[in-house]
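Spelled out from the first residue to the last, the chains are:
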Amino acid sequence: EADANAEKKQKTLTAIAKEFICPITQELPINPVTAEDGKIYEETAIREWFSKKDGEPTSPSTGAVIGTKLLPSPQARNTIEELVKS
């Protein structure tokens, strides 16, 4: 039963971690930010994405035109840190 609980916990942690994977790097972000498309990205990756785009900036996730304002995401960073520790 302990093995079953450990396996269930690991599956849950993996599912949570997948929600935070940066769509650009395909890794957990070190410095997560939320873009105007509502997705969480690694800050350097999304800034580079915007700087390399010709024309209007677009969402790497949806392709839709979005603004370039990025908001720090301390809640995501804290959750990611706890996931990595566990």
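No experiment lies behind these values; they were computed from the predicted model shown.

Q: Sorry if this is basic, but what is going on with the overall build of the protein here?
A: On a plain count of helices and strands, the protein comes out with 3 helices and 3 strands. Against the globule reference of 12 Å for 86 residues, the protein gives a C-alpha radius of gyration of 15 Å, more extended than a compact globule. In terms of overall dimensions, the protein has a C-alpha envelope of 55 × 20 × 15 Å along the principal axes. Every one of the 86 residues in the protein was classed for burial, and the buried ones make up 29%. Here the contacts in the protein between residues at least 6 apart in sequence split such that 40% fall between residues at least 24 apart. As displayed, the protein has an accessible area near 6,000 Å², and 51% of this comes from carbon and sulfur atoms.

Q: What is the right way to read the side chain of Ser73 from this model?
A: Note on placement: Ser73 falls in the loop between β3 (71-72) and α3 (74-85). In this structure Ser73 comes out as buried when scored by relative accessible area, which is 7%. Excluding its chain neighbours within four sequence positions, the residues that come into contact with Ser73 are Pro32, Val33, Thr34 and Ile40.

Q: Quick question: what am I supposed to make of the pattern of salt bridges here?
A: A side chain with one charge can pair with a side chain of the opposite charge if their charged atoms come near. With the rule as written, the count across this model stands at 4 salt bridges. Where Glu43 meets Arg47, a salt bridge forms, and the shortest distance between an N and an O atom there is 2.9 Å. Taken together, the residues span about one helical turn, with Glu43 and Arg47 both in helix α2 (residues 43-52) at a distance of 4 residues. Residues Glu48 and Lys52 are paired through a salt bridge, measuring 2.9 Å at the closest nitrogen-oxygen approach. Taken together, the positions of Glu48 and Lys52, both in helix α2 and 4 residues apart, correspond to about one turn of that helix. For Glu48, a relative accessible area of 43% gives the class partly exposed. For Lys52, a relative accessible area of 61% gives the class exposed.

The rules behind these values
- Residues numbered from 1 in each chain as written.
- Predicted model: local features only at pLDDT ≥ 70, side-chain atom pairs only at ≥ 80, totals over all residues.
- Heavy atoms only, no water.
- Helix = DSSP H or I, 4+ residues; strand = E, 2+ residues; numbered from the N terminus.
- Rg over C-alpha atoms; globule rule 2.2 N^0.38 Å.
- Buried < 20%, exposed > 50% of the residue type's maximum accessible area, 1.4 Å probe, protein only.
- Contact = heavy atoms within 4.5 Å.
- Areas by Shrake-Rupley, 256 points an atom, 1.4 Å probe, with all protein chains shown as cover.
- Salt bridge = Lys/Arg side-chain N within 4 Å of Asp/Glu carboxyl O.

Note that every value here comes from positions in space, so none of it alone points to a role or purpose.
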